[in-house]
Amino acid sequence: MIHKYKFKENYIVMDVNSGAVHVVEDVIYDVLDHYDGSDNNAIAAALDGKYTAQQIDEALEDIRTLKREGMLFTDDSYITKELLESKEPAIKAMCLHIAHDCNMKCRYCFGDTGAFEGERSLMSYETGVKAIDFLISHSGSRRNLEIDFFGGEPLMNFEVVKRLVDYGKKAEAQFGKCIRFTITTNGILLDDDKTDFINEYMDNVILSIDGRPEVNDNMRKTCGGQGTYDKIIGNYKRFVEKRVGLYYVRGTFTRENLDFSNDILHLTSCGFGNVSVEPAVLPPSVPFALRDEDLEQIKEQYDLLAEICIEKAKAMENFEFFHFNIDLDQGPCVVKRLSGCGAGTEYIAVSPEGDLYPCHQFVGNKNFLLGNLYESHFINKLYDLFNNAHIYNKAACRECWAKFYCSGGCHANAFNINGDILKPYVLGCEMERKRVECAIGIKAELNK
């Protein structure tokens with residue numbers, strides 16, 4: 001399987017199964033529309049008047065060479081049932097819902113404004129310790145582990161965060177593990193003391209903000225209904241000035257700000273070099289949910305963002321748009337390309353009460369409750385369901401050229417929109433394909 005498209009003046013051909021990407025001449029690009037490996041005369045007739053016979057012959061020889069070298073028209077025979085479904089049942093990442101409470105009330109919040117369909121509560125230190133012990137004991141031979149402090153708003157329970165980081169550091173040394181800590185915050189409580197601690201101990205930080213003041217304040221409000229932009233922008237600027245490690249300012253766009261490239265430009269003008277702006281995934285009944293008719297405008301925005309990335313890269317400006325980050329040299333391992341984030345198998349989420357779920361977006365849905373930290377024995381009864389939810393068991397993914405980049409998409413989005421983790425969120429698929437094309441096109445343009 002191949003995928004071909006034009007980006008600016010670059011003719012790009014992707015070999016899906018090998019991952020090879022080629023920037024080719026126009027004649028090769030056009031010959032591939034007719035190439036089946038057999039009848040050269042038919043190709044010459046189809047392209048008569050556009051290219052000479054010699055040009056077509058040279059293009060065919062280049063195509064044959066790429067095939068012989070395993071870089072074009074490759075198959076996927078290396079992907080076996082064992083590779084697909086025989087993963088070691090080991091957990092490597094955990095989302096700790098340190099606070100099921102929030103000091104904001106965002107209109108698009110998937111977590112019931114922090115409560116996750118339950119009582120508002122904070123995780124105790126004792127439950128957090130049990131969670132870290134659980135991660136270590138269920139991590140098998142994996143050395144590198146990850147813990148994400150999440151909410152609600154985790155800074156509302158920051159003293160417990162600090163104590164758990166200290167406990168985790170001692171535990172990783174004791175058991176020969178390496179724990180990578182991350183945190184996501186809305187910024188309202190981000191003072192100098194918290195900034196210093198986070199900068200010292202957190203490997204990655206997500207700072208939530210939607211962009212321009214009017215856009216942010218339309219969606220991200222305090223519990224009293226006021227806008228939050230002015231409350232957080234100074235905190236974020238001070239944080240980033242001190243930040244040495246990785247961070248992203250992360251926004252969300254809805255159909256009320258379909259010109260979201262302007263929000264990204266605003267964030268960069270504030271001095272933020274690492275930006276992520278995600279599409280809100282909401283039921284169609286929500287007035288500001290993204291719709292099929294918004295897709296063309298969304299794609300235009302990604303094209304604009306690609307131009308911005310190219311301009312800033314050529315000007316040697318510090319700017320990174322998360323969704324355009326693609327490693328064409330190695331990329332993720334094969335297993336990750338087949339099944340994505342590992343929700344329900346390698347990744348779990350923990351509620352303040354110690355309930356275990358496949359990921360943070362399933363928390364509160366009792367149909368996906370895996371167990372509880374305070375139970376004497378843990379058996380992941382949904383392991384097979386999630387382990388088998390790979391791209392070869394998703395009919396919509398099997399013939400998709402982007403399947404090894406998105407790995408079948410988000411299970412939670414699929415379930416929340418379609419009621420089935422095996423049925424991907426179609427609008428999300430369209431956006432992902434466009435992002436991949438832009439990401440590869442940027443690399444092609446910058447490597448001229």
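These notes cover the structure that comes with them.

Reading the values: rules and limits
- Residues numbered from 1 in each chain as written.
- Predicted model: local features only at pLDDT ≥ 70, side-chain atom pairs only at ≥ 80, totals over all residues.
- Heavy atoms only, no water.
- Helix = DSSP H or I, 4+ residues; strand = E, 2+ residues; numbered from the N terminus.
- Buried < 20%, exposed > 50% of the residue type's maximum accessible area, 1.4 Å probe, protein only.
- Contact = heavy atoms within 4.5 Å.
- Lys, Arg positive; Asp, Glu negative; His and termini not counted.
- Charge placed at Lys NZ, Arg CZ, Asp CG, Glu CD.
- Phe/Tyr/Trp six-rings, centres within 6.5 Å; stacked < 30°, edge-to-face > 60°.
- Pairing = 2+ DSSP bridges.
- Core = buried A, V, L, I, M, F, W, Y, C linked by side-chain atoms within 4.5 Å.
- Patch = residues over 30% accessible without salt bridge, like charges linked within 9 Å, V, L, I, M, F, W, Y side chains within 5 Å.
- Areas by Shrake-Rupley, 256 points an atom, 1.4 Å probe, with all protein chains shown as cover.
- Salt bridge = Lys/Arg side-chain N within 4 Å of Asp/Glu carboxyl O.
- Axes fitted to C-alpha atoms, helices over the stretch in contact; angles between N-to-C directions.
- Parallel < 35°, antiparallel > 145°, perpendicular 65-115°, else oblique.
- Nonpolar A, V, L, I, M, F, W, Y, C, P; charged D, E, K, R; others polar.
- Polar contact = N/O pair within 3.5 Å; in protein donor to acceptor, adjacent residues only side chain to side chain.

**Quick notes on the overall build of the protein**
Right, so step 1: The secondary structure content of the protein amounts to 17 helices and 15 strands.
Right, so step 2: Principal axes of the C-alpha set define a box for the protein whose edges measure 75 × 50 × 45 Å.
Right, so step 3: Out of the 448 residues in the protein, the part that is buried amounts to 53%.
Right, so step 4: Across the protein, every contact between residues at least 6 apart in sequence was considered, and the portion connecting residues at least 24 apart equals 71%.
Right, so step 5: Positive and negative charge centroids in the protein, built from 50 and 69 side chains respectively, lie 4 Å apart.

**Looking at the environment of Trp-401**
Right, so step 1: The topology assignment puts Trp-401 in the loop between α14 (395-398) and α15 (403-406).
Right, so step 2: Through-space distance from the C-alpha of Trp-401 to that of Val-16 is 5.8 Å; in sequence the pair is 385 residues apart.
Right, so step 3: If near-sequence neighbours (up to four positions away) are discounted, Trp-401 is found in contact with Met-1, His-3, Met-14, Val-16, Arg-433, Val-436 and Glu-437.

**Some words on the packing of aromatic side chains**
Right, so step 1: Summed over all chains, the structure comprises 16 aromatic pairs.
Right, so step 2: Plain terms: the ring middles of Phe-368 and Phe-415 are 4.8 Å apart, the flat faces sit at 80° to each other, and that makes the pair edge-to-face. Of this pair, Phe-368 sits in the loop between β14 (355-357) and β15 (371-372) while Phe-415 sits in helix α16 (residues 411-418), placing them 47 residues apart in sequence.
Right, so step 3: Relative accessible area serves as the criterion here: at 6%, Phe-368 is assigned to the buried category.
Right, so step 4: Looking at Phe-415, the relative accessible area reads 22%, which means it is partly exposed.
Right, so step 5: Cluster of aromatic residues (ring-pair linked, three or more members): Phe-253, Phe-260, Tyr-302, Phe-321 and Phe-324.

**Some remarks on the pairing of strand β1 (residues 2-7)**
Right, so step 1: Pairing geometry for β1 and strand β2 (residues 10-15), over six bridges, is antiparallel. Residue pairing for β2: His-3 is matched across the bridge by Met-14.
Right, so step 2: Turn length for the β1-β2 hairpin, with the two strands adjacent in sequence and antiparallel, is two residues, and the turn residue Lys-8 shows positive phi of about 55°.

**Observations concerning the nonpolar core**
Right, so step 1: Core analysis: the biggest nonpolar cluster contains 126 residues, and Phe-149, Met-202, Tyr-302 and Phe-324 have the highest contact counts within it.
Right, so step 2: Residues in contact with Phe-149, not counting those within four places in the same chain, are Leu-96, Ile-98, Pro-154, Val-161, Leu-164, Val-165, Phe-181, Thr-182, Ile-183, Thr-184 and Met-202.
Right, so step 3: Grouped together as the second largest cluster of nonpolar side chains are ten residues, Cys-102, Tyr-108, Met-219 and Ala-289 included.

**Concerning a nonpolar patch on the surface**
Right, so step 1: On the surface, Leu-122, Met-156 and Leu-189 cluster together into a nonpolar patch covering about 220 Å² of accessible area.
Right, so step 2: You can see Met-156 is positioned in the loop between β7 (144-150) and α6 (158-175).

**Regarding the packing of helix α10 (residues 261-269) against helix α11 (residues 295-314)**
Each pair of packed helices gets described by two things: the angle between the helix axes and the distance between those axes.
Right, so step 1: Relative orientation of the contacting elements α10 and α11 amounts to 30°, with a least axis distance of 9 Å. Classified by the angle their axes make, α10 and α11 are roughly parallel. Where α10 abuts α11, its residues Ser-261, Asn-262, Ile-264, Leu-265 and Thr-268 lie against Gln-301, Leu-304, Leu-305, Ile-308 and Lys-312.
Right, so step 2: In terms of residue class, the contact of α10 with α11 is built from five nonpolar, four polar and one charged.

**Concerning the sheet that holds strand β3 (residues 21-24)**
Neighbouring strands of a sheet are bound in pairs by backbone hydrogen bonds; such pairs are parallel or else antiparallel.
Right, so step 1: Pairing is antiparallel in the open sheet, where three strands are placed in the order β1-β2-β3. Single-partner strands in this sheet number two, and they are β1 and β3. Pairwise comparison of adjacent strand axes, ignoring direction, gives a mean angle of 25° for this sheet.
Right, so step 2: Along the sheet, helix α17 (residues 426-446) makes contact with β1, β2 and β3, crossing β1 at roughly 65°.

**Overview of the side chain of Arg-243**
Right, so step 1: Along the chain, Arg-243 falls in the loop between α9 (229-242) and β10 (246-253).
Right, so step 2: Within the structure, Arg-243 has its side chain in polar contact with the backbone oxygen of Met-202 (distance 2.8 Å).
Right, so step 3: Only 3.4 Å separates the side chain of Arg-243 from the backbone oxygen of Asp-203, close enough to count as a polar contact.
Right, so step 4: Residue contacts for Arg-243: discarding those within four places in its chain leaves Ile-198, Asn-199, Met-202, Asp-203, Asn-204 and Val-205.

**Comments concerning the side chain of Thr-74**
Right, so step 1: Along the chain, Thr-74 turns up in the loop between α3 (53-68) and α4 (81-85).
Right, so step 2: At 2.6 Å, the side chain of Thr-74 forms a polar contact with the side chain of Asp-15.
Right, so step 3: For Thr-74, the side chain forms a polar contact with the main-chain nitrogen of Ser-18, separated by 3.2 Å.
Right, so step 4: Leaving out residues up to four positions away in the same chain, Thr-74 has contacts with Met-1, Asp-15, Asn-17 and Ser-18.

**Some details on the pattern of salt bridges**
Right, so step 1: Counting across every chain of the model gives 27 salt bridges.
Right, so step 2: A salt bridge links Asp-191 to Lys-194, with the nearest nitrogen and oxygen atoms 3.3 Å apart.
Right, so step 3: Note on Lys-194: relative accessible area 16%, which makes it buried.
Right, so step 4: In this structure, Lys-242 engages Asp-196 in a salt bridge whose closest nitrogen and oxygen atoms are separated by 3.2 Å. Taken together, the residues span a long stretch of sequence, with Lys-242 in helix α9 and Asp-196 in helix α7 (residues 192-201) at a distance of 46 residues.

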